[in-house]
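Given next are the chains, with one letter for each unit.
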Amino acid sequence: TEMINELLEEQEDRLNDFRVEGHIYEFVEKSGDTVLLNDVTIDTGECFEEIDFSKEFLKDVKQGDKFQYVGGEYQIYTI
């Protein structure tokens, strides 16, 4: 149990490194309840799997849709 908790904590820390306030993320693909996102604000070309993504967005999200991380959550990004 302790090892599992440590792994979950490490995963959350790693995700928090990717989640940057104000950054814009492009949706790449989804798998179940998770999505693959690419940070287009710094455009490293590196994608990450986001496990904390709104179920509301999951049903209609399409490749290329953009989201902005604001206040600890993803919001639809519009120009």
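What you see is a predicted model; the values in this text were computed from it and never measured.

Draft legend 1. Representation of the overall build of the protein chain within the structure. A count of helices and strands for the protein chain gives two helices and five strands. Along the protein chain, from the amino end to the carboxyl end, the secondary structure elements read α-β-β-β-α-β-β. Taking 79 residues into account, the globule formula puts the C-alpha radius of gyration at 12 Å, and the protein chain, at 13 Å, falls close to it. With respect to the three principal axes, the spread of C-alpha positions in the protein chain is 45 × 25 × 25 Å. Total accessible area on the protein chain stands at roughly 5,500 Å², and carbon and sulfur atoms take up 47% of it. Positive and negative side-chain charges in the protein chain, numbering 7 and 21 respectively, have mean positions lying 9 Å apart.

Draft legend 2. View of the side chain of T34. Mapped onto the elements of the fold, T34 is located in strand β2 (residues 34–39). Relative accessible area serves as the criterion here: at 15%, T34 is assigned to the buried category. In this structure the side chain of T34 is engaged in a polar contact, spanning 2.8 Å, whose partner is the side chain of E49. Setting aside residues no more than four positions away along its own chain, T34 makes contact with E29, E49, E50 and I51.

Draft legend 3. Here's a closer look at the pattern of salt bridges. Under the defined criterion, the tally for this structure stands at four salt bridges. Put simply, E12 and R19 hold a salt bridge, and the shortest N to O gap is 3.0 Å. Notably, a salt bridge pairs R19 with E50, separated by 2.6 Å at the nearest N-O pair. Here E50 lies in strand β3 (residues 47–50) and R19 lies in the loop between α1 (2–18) and β1 (24–31), a separation of 31 residues in the sequence. Here the residues in one salt-bridge network are E12, R19 and E50, joined through shared partners.

Draft legend 4. Examining the confidence of the model for the protein chain more closely. Residue-level pLDDT values for the protein chain average 92, and 100% of them are 70 or greater. The spread of mean pLDDT over the elements of the protein chain runs between helix α2 (residues 55–58), the lowest at 88, and strand β4 (residues 66–70), the highest at 96.

What counts, and where the lines are drawn
- Each residue is numbered by its place in its chain's sequence as written, counting from 1.
- Whole-chain, interface and lining totals are the exception, using all residues; otherwise, since this is a predicted model, local features are given only for residues with pLDDT of at least 70 and side-chain atom pairs are given and counted only at 80 or more.
- Working from all heavy atoms in the structure, the side-chain values ignore hydrogens and water.
- Helix and strand assignments come from DSSP, with helices taken as H or I runs of at least 4 residues and strands as E runs of at least 2, each series counted from the N terminus.
- The globule rule used for comparison is 2.2 Å times the number of residues to the exponent 0.38, while the radius of gyration itself is calculated over C-alpha atoms.
- Calculation of accessible area relied on Shrake-Rupley with a 1.4 Å probe; when residues are assessed, cover is drawn exclusively from the protein chains displayed.
- His residues and chain termini do not enter the charge count, which takes Lys and Arg as positive and Asp and Glu as negative.
- For this purpose, a charge sits on NZ of Lys, CZ of Arg, CG of Asp or CD of Glu.
- Categorising residues by exposure relies on relative accessible area from a 1.4 Å probe, with only protein chains included: less than 20% of the type maximum marks a residue as buried, more than 50% marks it as exposed, and the intermediate range marks it as partly exposed.
- Between N or O atoms, a polar contact is any pair within 3.5 Å; within protein, one atom must be a potential hydrogen donor and the other a potential acceptor, and residues adjacent in sequence are included only when both atoms are from side chains.
- A contact between two residues is defined here by any heavy atoms of the two lying within 4.5 Å.
- The term salt bridge refers to a pairing of a side-chain nitrogen on Lys or Arg with a carboxyl oxygen on Asp or Glu at a separation within 4 Å.
- Each residue carries a pLDDT value, the predictor's own confidence for that position, ranging from 0 to 100.

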